[in-house]
Amino acid sequence: MRIFVDMDEVMADTYGAHIEMYNAEFDGRLTAEKCAGNEVWNMVPEAHQDSVRKHARRRGFFRDLKPLDGSIAVLKQLASQHDIYIASAAMQFPNSLEEKSDWLDEFFPFISWQNRILCGHKHILNGDILIDDRSYNLENFDGRGILFTSPHNINTEGFERADTWLEIGEKLF
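Let me begin by describing the structure that accompanies this report. Model, not experiment: these values are computed from the prediction.

About the criteria used
- Residues numbered from 1 in each chain as written.
- Predicted model: local features only at pLDDT ≥ 70, side-chain atom pairs only at ≥ 80, totals over all residues.
- Heavy atoms only, no water.
- Buried < 20%, exposed > 50% of the residue type's maximum accessible area, 1.4 Å probe, protein only.
- Helix = DSSP H or I, 4+ residues; strand = E, 2+ residues; numbered from the N terminus.
- Pairing = 2+ DSSP bridges.
- Core = buried A, V, L, I, M, F, W, Y, C linked by side-chain atoms within 4.5 Å.
- Contact = heavy atoms within 4.5 Å.
- Axes fitted to C-alpha atoms, helices over the stretch in contact; angles between N-to-C directions.
- Phe/Tyr/Trp six-rings, centres within 6.5 Å; stacked < 30°, edge-to-face > 60°.

1. Some remarks on the pairing of strand β4 (residues 129-132)
On β4, burial covers both faces: I129 and I131 on one face and L130 and D132 on the other are all buried. Two elements, strand β1 (residues 2-5) and β4, share three bridges in a ladder whose sense is parallel. Its bridge partner lying in β4, F4 is registered against L130. For β4 and strand β5 (residues 144-148), the ladder comprises four bridges, and the chain directions are parallel. Within β5, the position partnered with I131 by the bridge is I146.

This is the structure in structure tokens:
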């Protein structure tokens, strides 16, 4: 199978990073649970929203992300049996292209640079499976779409869903 995997909120904990940065910057007490069903910037005072929106433009943001639990082990096993491609909207933020590539080199060295698609729109992808946290990326994908649960999408319905990488493994092995 040809499997496409998104990075942010699927492999890398960007949501948690936004919360961590916000709490450090504004001495906040924000949690993923308090933000459930929303983007982080929608859950902070209006005066702080612009700062949160700009986190991803800060140098080091994408490079310093934590891998989501189970992502390395499950993707390593999947890569031994299938063609795995990373499909990430890296072009949206100036620093992310290099930082995402370096991050993948560190945590997912078994996925070659030739299998990294750093793009904008994902409707151009042609494969069997797309694992993504954004429903709009799954809507126009011709294969099987799996919505990976993130705090921002817990209220999204109408898609096959996986809450963890363990579930991804159960669905695909």
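So, next bit.
2. Here we look at the nonpolar core
In this structure, V5, M11, I131, W165 and I168 are the most contacted members of the largest nonpolar core, which totals 30 residues. Breaking this core down by element, the ones donating at least two residues are β1, α4 (71-79), β2 (83-88), α5 (96-107), β4, β5 and α7 (165-172). Non-local contacts of I168, meaning those with residues more than four positions away in its chain, are made with V74, L78, I131, I146, F148 and A162. Of all hydrophobic cores here, the second largest spans nine residues; its members include I19, C35, V40 and V44.

3. Comments concerning the sheet that holds β5
Taking strand neighbours across the sheet as the criterion, the six strands line up as β3-β2-β1-β4-β5-β6 in an open arrangement whose pairing is parallel. Of all strands in the sheet, those bounded by a partner on one side alone are β3 (116-118) and β6 (160-162). Strand-to-strand twist across the sheet, computed as the mean angle between neighbouring axes with direction ignored, equals 25°. Strand direction decides the pairing type here: β5 and β6, joined by three bridges, are parallel. For I146, the partnering residue across the bridge sits in β6 and is E160. Sheet strands in contact with α7 are β1, β4, β5 and β6, and its direction is about 160° off that of β5.

4. Looking at the packing of aromatic side chains
One pass over the full model with this rule turns up nine aromatic pairs. Where W103 meets F107, the ring centres are 5.2 Å apart and the plane angle is 50°; that geometry is what we call tilted. Placement of both W103 and F107 in helix α5 is noted, with a separation of four residues, approximately one turn of the helix. In this structure an aromatic cluster arises from ring pairing among W103, F107, F108 and F110.

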